[in-house]
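Examining the three-dimensional arrangement
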Amino acid sequence: MDTETSSFETSEMLGTFLASTPLLSESWRLCNHANANSPQSFVAEQVGSIGYVAFSGIQPVSGSDPSFRNLVPLPDVDINGFFNPLHHQSEEEEPVMVQGALLRGFENIYNNTSFQIQMNALIQTSKSIMFTGHSVGGTTASIAALWLLSHLQSNFLNVSVLCITFGSPLLGNESLSRAILRERWGGKFCHVVSKYDIMPRMLFAPMDPIAPHIKPLLQFWHWYMKSPSSGMLAVPLSDEILAQIFQFILVHLRGLVEAGEEAVPGTFRPFGNYIFCSEDGAVCVDNAASVVKMMSLLFTMGSPSCSVEDHLKYGDYVGKISSQFLEKRSFLQGELPESSYEAGVVLALQSLGISCKEPVAWPAKKCLKAARRMGRTPNLKCANLAIKLSKINPYRAEIEWYKAFCDRSDDQMGYYDSFKQRGASKRDSKVNLNRHKLARFWDNVINLFETNQLPHDFHRQKKWVNASQFYKLLVEPLDIAEYYRTGMHRSKGHYIDLGRERRYLIFDTWWKETSGSEKGNKRSKFASLTQDTCFWARVEEARDRLDALRSTSDPSQLALYWREIDYFARYAKTLVENKEVSIDVVAKNSSYSLWLRDYNELKSQMELFRPQFLSFVNEEMVP
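In this text, all values refer to a predicted model and were calculated from it rather than measured experimentally.

1. Observations regarding the packing of helix H6 (residues 113-125) against helix H7 (residues 136-155)
Two elements in contact, H6 and H7, have axes whose closest approach is 13 Å; the angle formed by their N-to-C orientations is 55°. One element, H6, and the other, H7, form an angle in the oblique class. For H6 against H7, the interelement crossing comes out right-handed. Residues Phe115, Met119 and Ile123 of H6 pack against Trp147, Leu148 and His151 of H7. The class makeup of the residues in the contact of H6 with H7 is five nonpolar, one polar and no charged.

Below, the structure written as structure tokens:
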């Protein structure tokens, strides 16, 4: 049976479930309260164990203000270290950036003593804190939620956070979206977007051509938010200008849809869950590319005037979808398909107010199916990788056996030197082959992760962090041995700076981010694997420095070499004393033991014949 026809389509079910809770209605009530009574500010209220914080949609921003349309770096050092968890992107990624005007607006609110007092009180007394806001207040609410999530994580506080926005403009770029997914915060954001509302779609387009017309549009919305009972006035823009704005945004939305999942650098990108609502219901979509496509498809069905008016109708939509879950749902377009999945898709279209006969119905169906497929594909690939990991474990086990054999060998060279000086035996060749197979597997893992084919928090999952770390501890010494065995250091330079494989640098970052701050207990015996995977490369560099020292007579060079050699000797002694090295490091004929004998011998000679270097000569180092 086809996978698609045997599964469930859940977007409509999730939208209906959220509508069945009091979260939407309570959030909208407070949004109205903030708009009417606290323009440019916020209101806070506690309902049972839930603390609500609503930000006014009436903010002093303008479409002609460059910071409204410009992305600026998200701060990571000012204001008590704002947003630190969001700044762990790779060097290749664009920095995390957000909308400048609304970031500045939140910073102003944060610096308000009243805000800090009320937030501290809510953190102390609430099990959950809900941020909400309509229009630009929704974007401010998203920034506030990111701030609190960062604060709670940094201070190890256990308070759940949820953010619900209504018709809010986009906040940040692709890097922000990725960072939120990496922190597993995507499920904490729910953006309610009506069928035709222009505001959530506005920043998909460059603002320069339409900037002069945005200010009167914002003023019109702000006036209505302050006094919704006064009724709807005429939009202060001509039909021709509204049509130009509408078409301009629609054209750029379609361009982004054609671009697919690849976000254009320097542009805004959605994050979190999007609830698309109409008078007939709501559906939930959480894949960024599908969110953009759904915004485009629904916007295509609208008109310039309704795209402006829809921004002010969220109260109507919330009231209708919150009551619909109590009513018996009926399918109004003929017989339901036999497939539960296809039936779910059709009900989702009905909730969006799309008839199966409309031209937009087919691409909307494809969009919902793609959202589900893209949402589960990373998890399926991760599961398949786990199967492949189990299949390569025998290669790793054979290398472990080889290490144990080398460490027990009568030649007392140890793991590293045995592989470096290996012959043409079948055992040595098999280990070398296994080394290459493991490298191919882990390079493929990194490629899948960096091309967004795995879950965004893959590098935080303990299973994969620990597996990559063990691989690095076990195999990197062999890579170093091969590097120096083949003389690569003579043509390229030493391993650490010029020869280390990129995968090891990535695994270093994964380990530091998840386990770097953990301190283990003091060891009572030598580690099974040397904890500094570059230790043998440091030995090779120290041996090179020792040879260079013997062949130079330049006092300044002698002093420099002694400083470097002495530093390594102290470092190695600390590792050995703390038993953070494997037993092969202190084997009688290992490279380190041989180097240490040469070092101590040369140091004794320097003490006898070169007293001017006493400042660089310290107590004898022993393994």
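2. Details of the packing of helix H18 (residues 462-485) against helix H21 (residues 502-515)
Interhelical geometry of H18 versus H21 gives an angle of 135° and a closest axis separation of 9 Å. Taken together, H18 and H21 sit at an angle that is classed as oblique. Crossing of H18 over H21 shows left-handed handedness. Taken together, the residues of H21 that come into contact with H18 (itself represented by Lys462, Val465, Asn466, Ser468, Gln469, Tyr471, Lys472, Val475, Glu476 and Asp479) are Arg503, Tyr504, Phe507, Asp508, Trp510, Trp511, Thr514 and Ser515. Partitioned by chemical class, the residues of the contact of H18 with H21 number seven nonpolar, five polar and six charged.

3. Notes on the pairing of strand S8 (residues 189-194)
Taken across its six residues, S8 has six buried, putting it largely inside the fold. Neither face of S8 is open: one carries Phe189, His191 and Val193, the other Cys190, Val192 and Ser194, and all of them are buried. Of the strand pairs in this sheet, strand S6 (residues 160-166) and S8 are connected by four bridges, and their pairing is parallel. Bridging from a neighbouring strand, Cys163 pairs with Phe189 of S8. Sheet topology note: the S8/strand S10 (residues 273-278) ladder contains five bridges and is parallel. The residue of S10 that forms the bridge with Val192 is Ile275.

4. Quick word on the sheet that holds strand S1 (residues 42-47)
Ordered in space as S1-S2-S5-S6-S8-S10-S11, the seven strands form an open sheet in which the pairing is mixed. The open sheet terminates on both sides in strands that have one partner only, identified here as S1 and strand S11 (281-285). If you compare each strand with its neighbour and ignore which way they point, the axes differ by 20° on average.

5. Structural notes on the packing of aromatic side chains
What the rule picks out here adds up to 42 aromatic pairs. When the ring of Phe458 is compared with that of Trp510, the centres are 5.9 Å apart and the planes differ by 80°; the resulting orientation is edge-to-face. Linking Phe458 in the loop between helix H17 (426-450) and H18 with Trp510 in helix H21, this pair joins segments that are 52 residues apart in sequence. Judged on exposure class, the residue Phe458 and its partner Trp510 are both buried. Joined through ring pairs, the aromatic side chains of Phe441, Trp442, Phe449, Phe458, Trp464, Tyr471, Tyr504, Phe507 and Trp510 make up one cluster.

6. A closer look at the side chain of Ser142
Within the secondary structure layout, Ser142 lies in helix H7. We classify Ser142 as buried; its relative accessible area is 2%. Residue contacts for Ser142: discarding those within four places in its chain leaves Cys163, Thr165, Leu171, Phe189, His191 and Phe271.

What counts as what
- Residues numbered from 1 in each chain as written.
- Predicted model: local features only at pLDDT ≥ 70, side-chain atom pairs only at ≥ 80, totals over all residues.
- Heavy atoms only, no water.
- Axes fitted to C-alpha atoms, helices over the stretch in contact; angles between N-to-C directions.
- Helix = DSSP H or I, 4+ residues; strand = E, 2+ residues; numbered from the N terminus.
- Parallel < 35°, antiparallel > 145°, perpendicular 65-115°, else oblique.
- Left-handed = near helix turned anticlockwise from the far one by under 90°.
- Contact = heavy atoms within 4.5 Å.
- Nonpolar A, V, L, I, M, F, W, Y, C, P; charged D, E, K, R; others polar.
- Buried < 20%, exposed > 50% of the residue type's maximum accessible area, 1.4 Å probe, protein only.
- Pairing = 2+ DSSP bridges.
- Phe/Tyr/Trp six-rings, centres within 6.5 Å; stacked < 30°, edge-to-face > 60°.

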